[in-house]
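Summary of structural features
The primary structure of each chain is shown beneath.
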Amino acid sequence: MPTASFLSPASHRTQHGTHQSIARAANNMTSNITIDTNPVVTGEVLYGRLSITIAHSIMPAAVMTCGQQLLALEFIDGDSDNDITPTYDNWLRRFSLRKEQCRAMTAPETKHWQAQLQSWQRGDATPNLRLIGTAFQQRVWRALFAVGYGQTISYFDLAKKIDSHHRAVAKNGVGRNPICYFVPCHRVVAKNGGIGGYGGGLNIKIKLLQAEQS
């Protein structure tokens, strides 16, 4: 479990309504998820940047969508659009996408998905998620949804739940989660109480845990 140092006294006093709204939305999220082991995505794919407010900090995130489904979300560093290029290139390979089927979001499209995110944070609605991964990864991600808002689980205990090895769960399951934040890989911590790893950066993981445990 994370230590008390992850908790900010200020976050206990503020954003209480927002946190409870996200908790309600998170509890009802699984009904909006499409599980898919087919890595091929057909149709037009959009990519862009959103801003996510966590514990009074604005975190930029790269997103990829197809139709009305969210395919991927990953926190990124920096302020320019160029910062999503490595993430975008990785998604092209991961989802077997052709560059000609992808384009950047227009301003109205970005506004639409930003509104979707904000609606989820208020607890009003949950975007449709399409989780693409292997059968093993799907087992890991399903187990992640069982880790409730404000809770954590160790890589070791998560592996026990799906009868696997903790290293495989960490590297090939949790570490390959394509939709961060919505699929709560940030709630997985080290067995010894340490923070563990996080693809979006440890500072973001700490802020997520602080916000959820306040």
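A short tour of the structure in this document, coming up. (Residues numbered from 1 in each chain as written. Predicted model: local features only at pLDDT ≥ 70, side-chain atom pairs only at ≥ 80, totals over all residues. Heavy atoms only, no water.)

On to the pattern of salt bridges. Enumeration according to the criterion identifies 5 salt bridges in this entry. Here Glu 212 ties to Arg 187 by a salt bridge, and the two come within 2.8 Å at their closest N and O atoms. Here the residue Glu 212 occupies a position in helix 8 (residues 202–213), and Arg 187 occupies one in the loop between helix 7 (166–173) and strand 8 (188–189), the gap between them amounting to 25 residues. Classification of Glu 212 as buried rests on a relative accessible area of 9%. Overall, the relative accessible area of 5% leaves Arg 187 in the buried class. (Salt bridge = Lys/Arg side-chain N within 4 Å of Asp/Glu carboxyl O. Helix = DSSP H or I, 4+ residues; strand = E, 2+ residues; numbered from the N terminus. Buried < 20%, exposed > 50% of the residue type's maximum accessible area, 1.4 Å probe, protein only.)

Before going further, it helps to examine helix 4 (residues 107–122). Its 16 residues give helix 4 an end-to-end C-alpha distance of 22 Å, which sits within 8% of 22 Å, the value for a rise of 1.5 Å per residue. Of all the positions in helix 4, only Trp 113, Gln 114, Leu 117, Ser 119, Trp 120 and Gln 121 are classed as buried. Once helix 4 ends, the next one or two residues include Gly 123, with phi positive near 85°. (Expected span 1.5 Å × (residues − 1).)

So, on to the nonpolar core. Formed by 41 residues in total, the largest nonpolar core has its most connected members in Ile 54, Leu 73, Phe 75, Leu 158 and Tyr 181. Looking at this core, the elements with two or more residues in it are strand 2 (45–54), strand 3 (57–66), strand 4 (69–75), helix 4, strand 6 (128–132), helix 5 (135–145), helix 6 (155–161) and helix 8. Among all residues touching Ile 54, those that are not within four sequence positions of it are Met 59, Phe 75, Tyr 181, Lys 207, Leu 208 and Ala 211. Among the nonpolar cores identified, the runner-up in size contains 17 residues, and Val 41, Val 45, Met 64 and Tyr 88 belong to it. (Core = buried A, V, L, I, M, F, W, Y, C linked by side-chain atoms within 4.5 Å. Contact = heavy atoms within 4.5 Å.)

A few words now on the environment of Cys 66. Looking at where Cys 66 falls in the secondary structure, it is placed in strand 3. Separated by 64 residues in the primary sequence, Cys 66 and Arg 130 place their C-alpha atoms 9.0 Å from one another. Apart from the residues lying within four places of it in its own chain, the contact partners of Cys 66 are Val 41, Thr 42, Gly 43, Glu 44, Val 45 and Leu 71.

The next subject is the sheet that holds strand 6. Read from one edge to the other, the open sheet built from 6 strands follows the order 1-6-4-3-2-5, with strand pairing classed as mixed. In the strand order of this sheet, the two ends are held by strand 1 (33–36) and strand 5 (102–104), each with one partner. Each strand of the sheet is rotated relative to its neighbour by a mean of 40°, with strand direction disregarded. The sheet contact formed by strand 2 and strand 5 spans 3 bridges and is parallel. Its bridge partner lying in strand 5, Val 45 is registered against Cys 102. Packing of helix 5 onto the sheet brings it into contact with strand 1 and strand 6, and relative to strand 6 it is tilted by some 140°. (Pairing = 2+ DSSP bridges. Axes fitted to C-alpha atoms, helices over the stretch in contact; angles between N-to-C directions.)

We now examine the side chain of Gln 114. With respect to the helices, strands and loops of the structure, Gln 114 is situated in helix 4. Taking relative accessible area as the criterion, Gln 114 reaches 16% and is therefore assigned buried. Once you skip the residues sitting within four places of it in the chain, Gln 114 turns out to touch Leu 50 and Ser 51.

This part takes up unusual backbone geometry. For residues other than glycine, phi is negative in most cases, and the peptide bonds are mostly trans. Backbone geometry at Asp 163 places phi at a positive 55°, although glycine is not the residue there. With respect to the helices and strands, Asp 163 occurs in the loop between helix 6 and helix 7. With phi around 75°, Tyr 181 is a residue other than glycine that occupies positive phi space. Checked against the element boundaries, Tyr 181 lands in the loop between helix 7 and strand 8.

Bringing the packing of aromatic side chains into the picture now. Summed over the entire model, instances satisfying the criterion amount to 5 aromatic pairs. Judged by centre distance (4.5 Å) and plane angle (45°), the ring pair of Trp 120 and Phe 182 falls under tilted. Taken together, the positions of Trp 120 in helix 4 and Phe 182 in the loop between helix 7 and strand 8 put the pair 62 residues apart, joining distant regions of the chain. Residue classification places Phe 182 among the buried residues on the basis of a relative accessible area of 3%. Members of the aromatic cluster, connected to one another through ring pairs, are Phe 75, Trp 120, Tyr 181 and Phe 182. If you follow Lys 191 out to its NZ or CZ, it ends over the ring of Phe 156, 3.9 Å from the centre. (Phe/Tyr/Trp six-rings, centres within 6.5 Å; stacked < 30°, edge-to-face > 60°. Lys NZ or Arg CZ within 6 Å of the ring centre and 35° of its normal.)

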